[in-house]
Amino acid sequence: MFTTVDSERKKSKHSITQDASGASIKDAKEEQQSFLNNFFDSFFSIKDNYLKMQVIIFLITLLLSIVLSVLTTICISVSFGLSFFIGSVFGILYLRLLAKSIANLGKSSTGVSKIQLLLPVCLFIFTSKSEFLEILPAIIGFFLYKPAIVFYFSRS
């Protein structure tokens, strides 16, 4: 009916740096940070130089297109910025298809595929049929991958 209390147990103090299992909270944070560090190290330490170059050029193009699209949206107009961004997305897709075709050049094909040439045609048709999009900024955005390539090769 009555509960007894262990006076020795009452005297033990709990640290605020430990969780209920007794493991240190700092250890859990360090483990999480090491996991993130390992993830980013493995992502950015790609062994294949061609793949590493592709990823860097894609990221440069994506960052450049986002920054320039936001700037053109603020400075010029929303339709200009959106057209620019859509064109840059088509340019990134074009660059990806071209890189994939070049990667298969010696293995399974003897020439570069022509399928990626449909993307600029589709972009032109898509922007010309849309009332909100403009053709010129979309085409300029499409060729945005070229400055990214120039930047990538000029820095080394």
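To be clear, the structure that these remarks concern was listed above.
Residues numbered from 1 in each chain as written. Predicted model: local features only at pLDDT ≥ 70, side-chain atom pairs only at ≥ 80, totals over all residues. Heavy atoms only, no water.

### Some details on the packing of aromatic side chains
Next up, step 1: Counting across every chain of the model gives 5 aromatic pairs.
Next up, step 2: Ring centres 5.8 Å apart and planes at 40 degrees place the aromatic pair Tyr-94 and Tyr-145 in the tilted group. You can see Tyr-94 sitting in helix 4 (residues 78-103) and its partner Tyr-145 sitting in helix 7 (residues 145-154), a full 51 residues away along the chain.
Next up, step 3: With a relative accessible area of 7%, Tyr-145 lands in the buried category.
Next up, step 4: Ring plane angle 80 degrees and centroid distance 5.0 Å describe the contact between Tyr-152 and Phe-153, whose orientation is recorded as edge-to-face.
Next up, step 5: Its relative accessible area of 47% is what places Phe-153 among the partly exposed residues.
Next up, step 6: Ring pairs connect the aromatic residues Tyr-94, Phe-142, Phe-143 and Tyr-145, which therefore count as one cluster. (Phe/Tyr/Trp six-rings, centres within 6.5 Å; stacked < 30°, edge-to-face > 60°. Helix = DSSP H or I, 4+ residues; strand = E, 2+ residues; numbered from the N terminus. Buried < 20%, exposed > 50% of the residue type's maximum accessible area, 1.4 Å probe, protein only.)

### As for a nonpolar patch on the surface
Next up, step 1: Together, Leu-62, Ile-66, Val-70, Ile-74, Phe-85, Val-89 and Leu-93 give the surface a local cluster of nonpolar side chains, amounting to about 570 Å² of exposed area.
Next up, step 2: Those elements giving two or more residues to the nonpolar patch turn out to be helix 3 (49-75) and helix 4.
Next up, step 3: Judged by its relative accessible area of 65%, Ile-74 falls in the exposed class. (Patch = residues over 30% accessible without salt bridge, like charges linked within 9 Å, V, L, I, M, F, W, Y side chains within 5 Å. Areas by Shrake-Rupley, 256 points an atom, 1.4 Å probe, with all protein chains shown as cover. Salt bridge = Lys/Arg side-chain N within 4 Å of Asp/Glu carboxyl O.)

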